[in-house]
Amino acid sequence: MIRIGIIIGSTRPGRKAEAVAKWVYEIAEKRTDAEFEIVDIKDFNLPLLDEPMSPMMGRYTHQHTRDWSAKIASFDAFVFVTPEYNHATSGALKNAIDFLYHEWVNKAAGFVAYGAASGTRAVENLRLIMGELQVADVRAQVGLSLFTDFENFSVFKPVPNHEKSVNAMLDQVIAWGGALKTLREKQK
Ligand SMILES: Cc1cc2nc3c(=O)[nH]c(=O)nc-3n(C[C@H](O)[C@H](O)[C@H](O)COP(=O)(O)O)c2cc1C
């Protein structure tokens, strides 16, 4: 069974990302075709990238990088829960992604985004990044609107049909995640 990390893509005090990630996890854990874990970037206390060598070298000098590396290496696929900041993903998520390289390669990813325009531009931004990291990002995505899925733009109250979208996205992440796990095992 493949392991999927649901990554909380905001570290901001008062962030919406945590409630959204928990909701994704509650939907995901009803499934029996993959294992899921919430990964909170905040727990790793990552500073702005402070490794002297390129992550492609995999020669990490800091314990926070080694901890983050071990966590991401333990998954076969990811669901990125991302806000939209200035038509892109958050700086915190981009920085956390930049810390590593091989830990992402030949894995699958899906997106759950939120914002005034349902976080669409944050997902487009992440798709470009995924290309460089050799991550197979799936087509199905979940877009949550600040207008209709958050009461008073703050309390997360998703409209019910989004649960179906989460499962459609997970179907694709699990299919691609499984196929790429087989590929990685062949390459060993
Ligand atoms: C620096 C910053 C830039 C933002 N830029 C956008 C934007 O370009 N488009 C958008 O829809 N919302 C934008 N927002 C609103 C965020 O989507 C909203 O505040 C959301 O709650 C942020 O996610 P978080 O609470 O999980 O950190 C921005 C918010 C911040 C703090």
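Just so we're clear, the structure is a prediction, and the values are computed from it rather than from any experiment.

Chemist: Residue-level account of the sheet that holds strand E2 (residues 34-40), with values.
Modeler: Pairing within the open sheet is parallel, and its five strands lie in the order E2-E1-E3-E4-E5. The sheet is open, and its two edges are formed by E2 and strand E5 (135-145), each paired on a single side. Pairwise comparison of adjacent strand axes, ignoring direction, gives a mean angle of 20° for this sheet.

Chemist: I'd like a description of unusual backbone geometry, backed by residues and values.
Modeler: For residues other than glycine, phi is negative in most cases, and the peptide bonds are mostly trans. At Asn152, a residue that is not glycine, the phi angle is positive and equals roughly 50°. Looking at Asn152, the relative accessible area reads 68%, which means it is exposed. Positioned with a positive phi, Phe153 is a non-glycine residue whose angle comes to about 60°. Of note, Phe153 is situated in the loop between strand E6 (150-151) and strand E7 (155-156).

Chemist: Requested: an account of helix H5 (residues 162-187), with residues and values cited.
Modeler: Taking 1.5 Å of rise per residue, 26 residues should cover 38 Å, and H5 covers 37 Å from first to last C-alpha, within 8% of that figure. Lining the buried residues of H5 we find strand E1 (2-8), helix H1 (17-28), E2, strand E3 (77-83), strand E4 (107-115) and E5.

Chemist: Go over the site of the ligand, please, and point to the residues and values.
Modeler: Residues in contact with the ligand amount to 15 residues; listed here are only the nearest, Ser10, Arg12, Tyr85, Tyr114 and Ala116. At 2.9 Å, a side-chain N or O of Glu84 approaches a nitrogen atom of the ligand. Between a nitrogen atom of the ligand and a main-chain N or O atom of Asn86, the distance comes to 2.8 Å. Protein contacts shield 74% of the accessible area of the ligand, which totals 620 Å² for the unbound molecule. The cavity that encloses the ligand is the largest pocket. Among the residues forming the shell around the ligand, the class breakdown is six nonpolar, four polar and five charged.

Chemist: Break down the pattern of salt bridges for me, with residues and values.
Modeler: For the structure shown, the criterion picks out 14 salt bridges. The salt bridge involving Lys157 is made with Glu151; its shortest N-O contact spans 3.1 Å. Residues joined in a network through salt bridges with shared partners are Arg15, Glu18, Lys22 and Asp40.

Chemist: Which residues make up the pairing of E1, and what values go with them?
Modeler: Counting buried residues along E1, six of its seven residues qualify, which places the element largely inside the surrounding structure. Alignment of E1 against E2, held across seven bridges, turns out to be parallel. Bridge pairing in E2 links Ile4 to Phe36. Looking at chain direction, E1 and E3 are connected through five bridges and run parallel. Opposite Ile7, over in E3, you have Phe80 as the bridge partner.

Chemist: Help me get a handle on the layout of surface pockets, residues and values and all.
Modeler: Approximately 160 Å³ is the volume attributed to the largest pocket. What lines the largest pocket is a set of 14 residues, among which Pro83, Glu84, Tyr85, Tyr114 and Leu146 lie closest to the centre. Here the lining of the largest pocket is composed, by residue class, of seven nonpolar, two polar and five charged.

Chemist: Which residues make up the packing of helix H3 (residues 91-98) against helix H4 (residues 120-132), and what are the values?
Modeler: As a packed pair, H3 and H4 sit with axes 12 Å apart at the nearest point and diverge in direction by 5°. As the angle between them shows, H3 and H4 are arranged roughly parallel. Contacts between H3 and H4 pair Leu93, Lys94 and Ile97 from the former with Leu126, Ile129 and Met130 from the latter. Looking at the contact of H3 with H4 residue by residue, the class counts come to five nonpolar, no polar and one charged.

Chemist: Got a sec to walk through H4? Specific residues and values, please.
Modeler: For H4, the full list of buried residues reads Ala122, Val123, Leu126, Arg127, Ile129 and Met130. Each buried residue of H4 sits inside an arc of 165° when the element is viewed along its axis, so together they form one side. Counted as exposed and oriented over 90 degrees from the buried face of H4: Leu128, Gly131 and Glu132. Gln134 sits one or two positions beyond H4 and adopts a positive phi of about 60°.

About the cut-offs
- Residues numbered from 1 in each chain as written.
- Predicted model: local features only at pLDDT ≥ 70, side-chain atom pairs only at ≥ 80, totals over all residues.
- Heavy atoms only, no water.
- Pairing = 2+ DSSP bridges.
- Helix = DSSP H or I, 4+ residues; strand = E, 2+ residues; numbered from the N terminus.
- Axes fitted to C-alpha atoms, helices over the stretch in contact; angles between N-to-C directions.
- Buried < 20%, exposed > 50% of the residue type's maximum accessible area, 1.4 Å probe, protein only.
- Expected span 1.5 Å × (residues − 1).
- Contact = heavy atoms within 4.5 Å.
- Near = heavy atom within 4 Å.
- Polar contact = N/O pair within 3.5 Å; in protein donor to acceptor, adjacent residues only side chain to side chain.
- Areas by Shrake-Rupley, 256 points an atom, 1.4 Å probe, with all protein chains shown as cover.
- 1 Å grid on protein atoms, 1.4 Å probe; cavity = no way out; pocket = protein on both sides within 12 Å on 5 of 7 lines; lining within 4 Å.
- Sits in = over half its atoms within 2 Å of the grid points.
- Nonpolar A, V, L, I, M, F, W, Y, C, P; charged D, E, K, R; others polar.
- Salt bridge = Lys/Arg side-chain N within 4 Å of Asp/Glu carboxyl O.
- Points joined across faces, edges and corners; volume = space filled by probe spheres on them.
- Parallel < 35°, antiparallel > 145°, perpendicular 65-115°, else oblique.
- Arc of directions from axis to C-beta.

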